[in-house]
Amino acid sequence: MDQGVCSVKIGFIGLGIMGRPMAGHLVKAGHDVTGYDLAPVDFGGAFAASVAEAVRDAEVVITMLPADPQVLAVFPEISAHAPADALYIDFSTITPQTSQQVASQWKRALDAPVSGGEKGAVDGVLSIMVGGAAEDFEAATPIFEAVGRTFKLVGGPGAGQYVKAANQLVVGGTYALVAEAIVMMEAAGVDAKAGLDVLAGGLAASRILEIKRDSMLARDFTPGFRIDLHHKDMGIILDAARGAEVAIPMGALTAQLIASARAQGYGSLDHSALLKVIEGLSR
Ligand code: NAD
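Residues numbered from 1 in each chain as written. Predicted model: local features only at pLDDT ≥ 70, side-chain atom pairs only at ≥ 80, totals over all residues. Heavy atoms only, no water.

Thoughts on the nonpolar core
Using the following cut-off: Here, the term nonpolar core denotes a set of buried Ala, Val, Leu, Ile, Met, Phe, Trp, Tyr and Cys residues that are joined through side-chain atoms within 4.5 Å. Only protein chains enter the accessibility calculation, which uses a 1.4 Å probe; a residue whose area is less than 20% of its type maximum is buried, one above 50% is exposed, and one in between is partly exposed. Every helix listed is a DSSP run of H or I at least four residues long, and every strand listed is a run of E at least two residues long, numbered separately from the N terminus. Throughout, a residue-residue contact means that at least one pair of heavy atoms, one from each residue, lies within 4.5 Å.
Counting 32 residues, the largest nonpolar core has Met 22, Ile 89, Phe 91, Ile 128 and Phe 144 as the members making the most contacts within it. Secondary structure elements with two or more residues in this core: strand 1 (9-13), helix 1 (19-28), strand 4 (60-63), strand 5 (87-90), strand 8 (126-131) and helix 7 (141-147). No other element matches helix 7, which puts 4 residues into this core. Setting aside anything within four residues of it in sequence, one finds Met 22 in contact with Phe 12, Met 64, Phe 91, Val 114, Ala 121, Leu 126 and Val 147. Membership of the second largest hydrophobic core comes to 30 residues, among which are Ala 192, Leu 196, Met 234 and Leu 257.

Next up, the structure:
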């Protein structure tokens, strides 16, 4: 255990692409982590036989689940079996409304969706946007420090999910534009790899260009972050914009391109597979 880090008893539900490395970092930081997923996962801590077993006696309960239905299925188990004063941190990306519903039924709840992708989770450098009470955010700091680098309280319950929606809007749109740049350069017969290297050093630079340009050029769409999950996020984004009574035309277009990727059977590929849709437009 790190010097000065106080060990916390954590129940961690959802040990998938993101949850598994995040739970691993919590173990490495010296916390006592009991995990649960639908199938056994080796993450470095104890694996429980049920949600109930994972959260019993937990000081902090964490979920990292795909979407609203899974959070809504697991939350009643948590509320039935976790200690009433446990801090509940939901790292999943879900609708602000579901986060608010959960917060209305649990005394200490934070919505804390993350950004940074699988690499950010593996490296322990996620960005975390948090909604909830200031004292709960403060209590969660050792947890956020173990899995992330940038974490901010952005408002009350559900606020983290609104910021995550903004994040996914920018990420989806950026993928679409990087895909168009690749298709255009390749069709024009220029060296697309050299071209993207130059783009990554100028005003067009982005984290996506930095870490994804080689795999996109190689047409390696191993997830990462699945198209299915980004499709879910585009629904949250469009709904949030409608609720806020604003127009997001670029977001609406990106949502249609991602819907096309899914309809064409690319749902389980990485979201960089948006390139396949953009390519198909000019074939
Ligand atoms: P994933 O599908 O790899 O992992 C989710 C895990 O939840 C799976 O292992 C699944 O078995 C488990 N699960 C589902 N229902 C369960 C239940 N009832 N009880 C216990 N476990 C259950 O998904 P992921 O990529 O890790 O994403 C998780 C969340 O994080 C999503 O909301 C996603 O939008 C968000 N997210 C993902 C990324 C990424 O790059 N993958 C980045 C940022 C945010």
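Once the structure has been displayed, the description carries forward.
Description of the environment of Ala 139
Within the fold, Ala 139 resides in helix 6 (residues 134-139). A relative accessible area of 38% places Ala 139 in the partly exposed class. Expressed as a C-alpha distance, the spacing of Ala 139 and Met 18, which sit 121 residues apart in the sequence, is 22 Å. Those residues in contact with Ala 139 that lie beyond four places of it in its chain are Leu 87 and Arg 108.

Side note on the site of the ligand
Using the following cut-off: In this text, near means that some heavy atom of the residue lies within 4 Å of the molecule or strand in question. The definition of a polar contact used here is a pair of N or O atoms within 3.5 Å, where within protein one atom must be able to donate a hydrogen and the other to accept one, and adjacent residues in sequence count solely through side-chain atom pairs. All accessible-area figures derive from a Shrake-Rupley calculation using a 1.4 Å probe, and residue coverage is judged against the displayed protein chains alone. Side-chain classes follow a simple rule in which Ala, Val, Leu, Ile, Met, Phe, Trp, Tyr, Cys and Pro form the nonpolar group, Asp, Glu, Lys and Arg form the charged group, and the remainder, Gly included, forms the polar group.
Every one of the 25 residues lining the ligand counts as a neighbour, but Ile 17, Met 18, Asp 37, Pro 66 and Lys 232 are closest to it. Side-chain polar atom of Arg 226 to an oxygen atom of the ligand: 2.9 Å apart, as the coordinates give it. Surface burial for the ligand is 87%, taken as the share of its 830 Å² of free accessible area covered by protein chains. Secondary structure elements with two or more residues in the shell around the ligand: helix 3 (68-81), helix 5 (117-123) and helix 11 (227-243). Tallied by class, the residues present in the shell around the ligand amount to 13 nonpolar, 7 polar and 5 charged.

Some thoughts on the packing of aromatic side chains
This is how it is decided: In summary, the pairing rule links any two rings of Phe, Tyr or Trp, Trp by its six-membered ring, whose centres are within 6.5 Å, and it sorts them by plane angle into stacked for under 30 degrees, edge-to-face for over 60 and tilted for everything else.
By the definition in use, this model includes 7 aromatic pairs. The interplanar angle of 40° and the centroid separation of 5.8 Å between the aromatic rings of Phe 137 and Phe 144 together place this pair among those described as tilted. The exposure class assigned to Phe 137 is buried, which follows from its relative accessible area of 16%. An angle of 45° between the planes, with centres 5.6 Å apart, marks the rings of Phe 144 and Phe 151 as tilted.

Observations concerning the pattern of salt bridges
Counted only if it meets this: Only one rule defines a salt bridge in this text: a Lys or Arg side-chain nitrogen within 4 Å of an Asp or Glu carboxyl oxygen.
Throughout the structure, instances matching the rule amount to 13 salt bridges. A salt bridge links Lys 212 to Asp 270, with the shortest nitrogen-to-oxygen separation between them at 3.0 Å. Taken as a pair, Lys 212 in helix 10 (residues 207-217) and Asp 270 in the loop between helix 12 (249-263) and helix 13 (274-280) lie far apart in primary sequence, 58 residues in all. Across this residue pair, the class does not change: Lys 212 and Asp 270 are buried.

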